[in-house]
Amino acid sequence: MRTIYTKIILSLILLFIFSTSFAQNIVKGVLTDNQKNPLEAVNIVIKGTTYNTTSDSSGKFTIDTPQKPPFSILIQYVGYKTREIKIGLISDNPLELTLNTEDENVLSEVVVSSRRRIEKAQEVPIAVSVVTGKQAEQAGAFNVNRIKELVPSVQLYSSNPRNTGINIRSLGSPFGLTNDGIDPGVGFYVDGVYYARPAATTLDFIDVERIEVLRGPQGSLFGKNTTSGAFNITSRKPSFTSGADFELSYGNYAYLQAKASVTGALSKKIAGRISFSGTQRDGIIDNIRTGKPTNTLNNQGIRGQLLFTPSENTNIILAGDITTQHNDGYAQVVAGVAPTQRAAYRQFNAIIADLNYQLPSLNAFDRKIDHDTPWRSNQDLGGASLTIDTNIGGGTLTSTTAWRFWTWDPSNDRDFTGLQVLAKSQNPSRQTQITQEVRYAGQITSKISGVAGVFFIDQTSKTNGTEESGNAQWRFSQSSTSALWKTPGLFEGYGIRTNSKIHSTSAAVFGQLDWAVTERLHVLPGLRYNYDKKAADYDRKTYGGLQTTDPALIKLQQSVYTDQAFTSDTDKTDFSGNITVSYKVSDKINGYATYAKSYKPVGVNVAGLPSLAGKPILELAVIKPEDVNHYEFGVKTSPLRNSILNLTYFNTEIKDFQTNVQAAELGVNRGYLANADKVRVQGVELDASFVLNKHFAFNAAATYTDGKYVKFTNAPLPLEETGAAVSFKDVSGTDLPGVSKWAGSLGGEYSKDAKFFSNTGKLFVALDGYARSEFSSSPSASKYLIVDGYAIFNGRLGFRASEGLSIHIWGRNLLNKDYYEQLLPAGGNSGQYAAVLGDQRTYGITLRYSL
């Protein structure tokens, strides 16, 4: 597999050599302070466009544009008014630009495109965290699971890619197993394209320029409505200036990661960019049955882009990508056994004693399993998009057309033991989607700007699953002392084959205005009208096992699996909206208040339903839409020179909260969805950055979150109450799953100017910490499924340069902390529960070379 990396990187080098033959309108410059010291990471933007770049450690920058002179560039640096420079003539000689600053480091303020225009993050009346591509690379944050360590308002839970939930402020996805019948509450966008599958968040980023994490409902700015926030990811775009980056990392557990990117002109009007990322790692959990470690990493991704500039007012980008993840991974380790309220002979320890079985270890952090069913987590994700940007009047008309697919080929051991309880548990799926978004963003009058658009998505998901019992199933399913349970072959090979399909369409009209009542006071109303339609077909058939006509034996088999078929078809329209009032108290203080009325669309169950008297309970097939009321107050400040301190208070109430319920029935093999009457999440967030002097820089983020079921009277029983005389429990007033009261991150870096192999750059040492308090890992709070709080620390030491060779060593979880990321009960709720383990200490070295 490593030869694939070599071939791809060599191909990219050849493309780079070819691309140096062409160029476009290129502005070059050098930025220094009044002491002639170079300024790094200054934002340079072509006015009226989305073209932007940053200066390197030598203060140098290049930016290309299809526009012919005259045009203006904006230079943005925190603590100073934005400087505008008119370009009347393009010269081969670089511009020499001086900013009036003292001889010290200056905190560079990033720009965002969340409101469909380039602007300073500190001036946007939205709670938004920004991680630049360089920051993510330096911190080793190559996927969303790593980003949560930098943005503690984000939570990601994944027992495998399909069963991945991404939340912001503890809202977004039902906690537990994924159900295709509902929409995620957190939007995931890459270059303006909406990714409908949460599994995309488990894959590696490819050549990212910046990651914007927007918190709170986002329905009037983005195509797909989201109730709790959005990831807005921007890739590095093709450039008419030739460039290339190559990166190689090696670490313990045979960790190998290779990245490469090449860009340049292919003709006078066409530029290209091709980017590659690959990650491999040996397993970090030992399977003593097979003698091989499991939970490996094996990811490869490639993205290609073509930029066509037919005129100075129009840009067209054609992009395509494909990412594969073929891991022997996502095995869970038994973390403990909960006594249930079932009879003594139905307790897990009594069951395995009768079967003469022992767990390989009673300590999950021994990282040992003996699973007899192979773990496989293969997924492929890819697609193509066409984006057209045209400047019209005082704004930009954008059309984004995209097609995407996702395939999933798994194998799981859902009993988490070396016993043949579930011999097979696999639900291969394929999802395809087509999206179209057209929007206009710009200045409407001298005091009013805004964005308006239409959005459409059509997607289909198909699953062809198999679940099959093994020779130990009889003992785990035994619900009486009848000798019939021991009938030879009664359950062995007995299983279900499932065919399910969901087809959903969604269309929307959305928009938001920004009315500048005065220079300091702005009012921003937004509206959205949405139509959603979902149709589901579910059909499962039993097969195998002992072929018998004995009604008593058939009844026992049907207590484990039954045939089930149902269809559901529903549609609904929704109006939603928001209003924000922002007031700029001074150049250093910007406050805002927001009220949003939002929703999550109607859902359908498409993974089996609980049964009553052998019949599915059809009224559970359709899940009501969520009704969201959201309040938020924020202030963004620069209290000291080279500092940022932002505070946000939020309060979100949701009626008919869509939650996941894990049924005790094996036949409901993915759990099912239900509505909780009402939940509330409120809290406070802090974001801070501070440059102390030319050597020291610090950043911090923290969040306090209080999430409760206000009313949920028909919640599932917690694990330890399985077998009680009642089927449901009133959990009103208890904590929502996945909610830590406290979470935070803290980082600092020391750097100094240096040279390495004649390259000018910086020597640096950095340390980052991430911590969160305990949280419930069950839809109904169980004392056995509480994940303890934990803190991890990461560090790095090395030399970095904008051009030439950079090198650093790194370590993650430096103190080798043992911690759980998630706890979950085994299928059938026999008492045992398993853990998704956090990685142990890892370390390595990274080399980077930029041209």
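What you see is a predicted model; the values in this text were computed from it and never measured.

Further remarks concern the overall build of the protein. The helix and strand inventory of the protein stands at 6 helices and 53 strands. Since a compact globule built from 851 residues should have a radius of gyration of about 29 Å, the 28 Å found for the protein is in line with a globular shape. Put simply, the protein has 851 residues, and 59% of those count as buried. Counting contacts in the protein only where the partners sit at least 6 residues apart, residues at least 24 apart contribute 70% of the total. Within the structure as shown, the protein displays about 33,100 Å² of accessible surface, and the carbon and sulfur contribution to it stands at 57%. Here the protein contributes 85 positive and 78 negative side-chain charges, whose respective centroids are spaced 2 Å apart.

Here we come to the pairing of strand β18 (residues 255–265). The buried count for β18 comes to 11 of 11 residues, which makes it a mostly enclosed element. Bridge count between strand β17 (residues 243–251) and β18: 9 bridges; the pairing is antiparallel. Bridged to G251 within β18 is Y255. As consecutive antiparallel partners, β17 and β18 are separated by 3 residues, and within that stretch Y253 has a phi angle of approximately 55°, a positive value. Two strands pair when backbone bridges link them, and β18 and strand β19 (residues 270–281) are joined in this way by 10 bridges, in the antiparallel orientation. Within β19, the residue paired with G264 across the bridge is G272. Linking β18 back to β19 in an antiparallel pair, the connection comprises 4 residues.

All right, on to the packing of aromatic side chains then. Enumeration according to the criterion identifies 23 aromatic pairs in this entry. When the centroid spacing of 6.1 Å and the interplanar angle of 55° are considered together, the rings of F348 and F476 count as tilted. Of the two residues, F348 sits in helix α4 (residues 348–354) while F476 sits in helix α5 (residues 473–477), which places them 128 residues apart along the sequence. Each member of the aromatic cluster is reached from another via a ring pair, and the members are F188, Y195 and F231. One cation-aromatic arrangement involves R169 over F650; the distance from NZ or CZ to the ring centre is 4.2 Å.

Taking strand neighbours across the sheet as the criterion, the 3 strands line up as β24-β52-β51 in an open arrangement whose pairing is antiparallel. Bordering the open sheet on either side are β24 (333–337) and β51 (820–825), each of which pairs with just one other strand. Neighbouring strand axes in the sheet, compared pairwise and without regard to direction, differ in orientation by 35° on average. Two strands pair when backbone bridges link them, and β24 and strand β52 (residues 832–837) are joined in this way by 4 bridges, in the antiparallel orientation. Pairing of V333 across the sheet is with A835, part of β52.

This paragraph deals with the nonpolar core. By size, the foremost hydrophobic cluster in this structure holds 28 residues, and its most contacted members are I147, F188, I211 and F231. Listed by contribution, the elements that provide at least two residues to this core are α3 (144–147), β11 (154–158), β12 (164–168), β13 (186–190), β15 (208–215), β16 (229–235) and β27 (395–411). Setting aside its immediate chain neighbours within four residues, F188 contacts V144, V193, Y194, Y195, A200, T201, F231 and I233. Counting 20 residues, the second-largest nonpolar core is a separate cluster that includes F365, L785, V787 and A835.

Before going further, it helps to examine the pairing of β52. Of all 6 residues that make up β52, 6 are buried, and the element is covered over most of its length. Burial of the side chains of β52 extends over both faces: Q832, A834 and V836 are buried on one face and Y833, A835 and L837 on the other. Pairing geometry for β51 and β52, over 5 bridges, is antiparallel. In the sheet register, P825 faces β52, and the bridge partner there is Y833. From the end of β51 to the start of β52, which pair antiparallel, there are 6 residues, and G828 there has a positive phi angle of about 95°.

Tallied over the entire structure, the rule returns 36 salt bridges. A salt bridge links D539 to K541; its shortest N-O distance comes to 3.1 Å. Judged by its relative accessible area of 26%, D539 is partly exposed. For E653, the salt bridge goes to K678, with nearest N and O atoms at 3.5 Å. Residue E653 is located in strand β40 (residues 643–661), and its partner K678 is located in strand β41 (residues 672–691); the two are separated by 25 residues in the primary sequence. Of the residues examined, E653 reaches a relative accessible area of 29% and is grouped as partly exposed. Connected through shared salt-bridge partners, R169, R215, E632, E685 and D687 make up one network.

Following the sequence through the fold, S479 ends up in the loop between α5 and β31 (495–516). Sequence separation between S479 and L797 is 318 residues; the distance between their C-alpha atoms is 59 Å. If near-sequence neighbours (up to four positions away) are discounted, S479 is found in contact with Y345, R346 and W485.

When you line up the elements, K655 lands in strand β40. Sequence separation between K655 and V710 is 55 residues, and the spatial gap between their C-alpha atoms is 9.4 Å. What K655 contacts, discounting residues up to four positions off in sequence, is P625, E626, D627, A676, D677 and K678.

Within the fold, S776 resides in strand β47 (residues 775–776). For S776, the side chain forms a polar contact with the main-chain oxygen of S778, separated by 3.2 Å. What S776 contacts, discounting residues up to four positions off in sequence, is F175, L736, P737, G738, A781, L785 and I786.

What counts, and where the lines are drawn
Residues numbered from 1 in each chain as written. Predicted model: local features only at pLDDT ≥ 70, side-chain atom pairs only at ≥ 80, totals over all residues. Heavy atoms only, no water. Helix = DSSP H or I, 4+ residues; strand = E, 2+ residues; numbered from the N terminus. Rg over C-alpha atoms; globule rule 2.2 N^0.38 Å. Buried < 20%, exposed > 50% of the residue type's maximum accessible area, 1.4 Å probe, protein only. Contact = heavy atoms within 4.5 Å. Areas by Shrake-Rupley, 256 points an atom, 1.4 Å probe, with all protein chains shown as cover. Lys, Arg positive; Asp, Glu negative; His and termini not counted. Charge placed at Lys NZ, Arg CZ, Asp CG, Glu CD. Pairing = 2+ DSSP bridges. Phe/Tyr/Trp six-rings, centres within 6.5 Å; stacked < 30°, edge-to-face > 60°. Lys NZ or Arg CZ within 6 Å of the ring centre and 35° of its normal. Axes fitted to C-alpha atoms, helices over the stretch in contact; angles between N-to-C directions. Core = buried A, V, L, I, M, F, W, Y, C linked by side-chain atoms within 4.5 Å. Salt bridge = Lys/Arg side-chain N within 4 Å of Asp/Glu carboxyl O. Polar contact = N/O pair within 3.5 Å; in protein donor to acceptor, adjacent residues only side chain to side chain.

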